[in-house]
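Structural features, examined
Below are the chains, spelled out letter by letter.
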Amino acid sequence: MAQTALQGNPVSLSGDLPAVGDKAPDFKLVDKDLGDKSLADFAGKKKLLNIVPSLDTPVCATSTKTFNEAMAAKSDAVALVVSADLPFAMGRFCGAEGIDNVIGLSMMRSRNFAKDYGVLIEDGPLAGITARAVVVLDADDRVVYTQLVPEITQEPDYEAALAAL
């Protein structure tokens with residue numbers, strides 16, 4: 001079981017990120033129109049999963065904006081920001097910030113994504129939502145890169161994630 005930290009305090013997670021080379025676990029998440037989305041909806045594209053606790057925090061907002069800018073030049077890939085936020089809140093954030101190269105997906109109907117990807121926080125004040133992580137998948141849904149950010153309040157390694165994409 002992996003650990004991360006929140007302001008220096010250890011936080012236990014539900015498991016471990018999928019291993020590089022593994023087939024990514026499928027998921028069922030909710031888009032801005034309240035429709036279900038799975039890996040099949042993005043078939044044939046490389047995928048960058050920006051997993052964040054909530055877009056209503058400065059670091060999550062920054063990472064989403066950064067990946068949004070980077071994705072403008074990538075026609076063979078899609079960036080998905082996954083959080084516990086409701087689709088309505090994600091839609092407001094994306095609209096207000098001009099986010100149009102990243103797709104927001106919510107765990108509002110299930111925490112299975114967080115469990116399957118090993119990022120569900122199991123203790124502390126953020127229990128029940130996700131740690132900060134990035135997972136990059138190739139066009140065949142094989143994991144090519146992962147990063148569990150060691151401190152939830154820190155940004156991910158954008159360069160490494162985008163290079164893997």
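Calculation rules
- Residues numbered from 1 in each chain as written.
- Predicted model: local features only at pLDDT ≥ 70, side-chain atom pairs only at ≥ 80, totals over all residues.
- Heavy atoms only, no water.
- Helix = DSSP H or I, 4+ residues; strand = E, 2+ residues; numbered from the N terminus.
- Rg over C-alpha atoms; globule rule 2.2 N^0.38 Å.
- UniProt positions renumbered as here; feature names shortened; annotations may be inferred.
- Contact = heavy atoms within 4.5 Å.
- Phe/Tyr/Trp six-rings, centres within 6.5 Å; stacked < 30°, edge-to-face > 60°.
- Buried < 20%, exposed > 50% of the residue type's maximum accessible area, 1.4 Å probe, protein only.
- Arc of directions from axis to C-beta.
- Polar contact = N/O pair within 3.5 Å; in protein donor to acceptor, adjacent residues only side chain to side chain.
- Patch = residues over 30% accessible without salt bridge, like charges linked within 9 Å, V, L, I, M, F, W, Y side chains within 5 Å.
- Areas by Shrake-Rupley, 256 points an atom, 1.4 Å probe, with all protein chains shown as cover.
- Salt bridge = Lys/Arg side-chain N within 4 Å of Asp/Glu carboxyl O.

A closer look at the overall build of the chain
- The helix and strand tally for the chain stands at four helices and nine strands.
- Its helices and strands taken in sequence order, the chain reads β-β-β-β-β-α-β-α-β-α-β-β-α from the N to the C terminus.
- Computed over its C-alpha atoms, the radius of gyration of the chain comes to 14 Å, within 12% of the 15 Å expected for a compact globule of 165 residues.
- Considered along the principal axes of its C-alpha atoms, the chain spans approximately 40 × 35 × 30 Å.

Comments concerning the UniProt feature "active site" (unreviewed entry) in the chain
- If you check UniProt for "active site" (unreviewed entry), the listed places come out as Cys60 in our numbering.
- Position of Cys60 among the secondary structure elements: in helix α1 (residues 58-71).
- Discounting chain neighbours no more than four positions away, the residues touching Cys60 are Val52, Pro53, Ser54, Leu55 and Arg132.

Remarks on the packing of aromatic side chains
- Inspection of every chain in the model, using the stated rule, returns three aromatic pairs.
- For the pair Phe27 and Phe113, a centre-to-centre distance of 5.8 Å together with 80° between the ring planes defines the contact as edge-to-face. With Phe27 in the loop between β2 (9-12) and β3 (29-30) and Phe113 in helix α3 (residues 112-116), this residue pair connects regions lying 86 residues apart in the sequence. This pair shows no difference in class: Phe27 is buried, exactly as Phe113 is.
- Here Phe113 and Tyr117 contribute two aromatic rings whose centre-to-centre distance is 4.4 Å and whose plane-to-plane angle is 20°, an arrangement assigned as stacked.
- Judged by relative accessible area, Tyr117 falls into the buried class, the value being 0%.

A few points about helix α2 (residues 87-97)
- Residues of α2 that are buried: Pro87, Met90, Phe93 and Cys94. Down the axis of α2, the buried side of the element spans an arc of 125°, and every buried residue falls inside it. Exposed residues lying more than 90 degrees from the buried face of α2 are Arg92, Gly95 and Ala96.
- Buried residues belonging to α2 abut β3, α1, β6 (77-83) and β7 (102-106).
- Phi turns positive one or two residues past the end of α2, at Gly98, with a value near 70°.

Digging into the side chain of Asn50
- Following the sequence through the fold, Asn50 ends up in strand β5 (residues 46-51).
- Among the polar contacts made by the side chain of Asn50, one reaches the side chain of Ser63 at a distance of 3.2 Å.

Some thoughts on the environment of Phe27
- Judged by its relative accessible area of 6%, Phe27 is buried.
- Placed 36 residues apart in sequence, Phe27 and Ser63 show a C-alpha to C-alpha distance of 22 Å.
- Non-local contacts of Phe27, meaning those with residues more than four positions away in its chain, are made with Lys37, Ser38, Leu39, Leu49, Leu80, Leu105, Phe113 and Tyr117.

Here's the deal with the side chain of Ser38
- Mapped onto the elements of the fold, Ser38 is located in the loop between β4 (36-37) and β5.
- Each residue touching Ser38, except ones within four places of it in the same chain, is listed here: Asp26 and Phe27.

Overview of a nonpolar patch on the surface
- On the surface, Leu34, Leu86, Phe88 and Met108 cluster together into a nonpolar patch covering about 350 Å² of accessible area.
- Relative to the helices and strands, Phe88 is located in helix α2.

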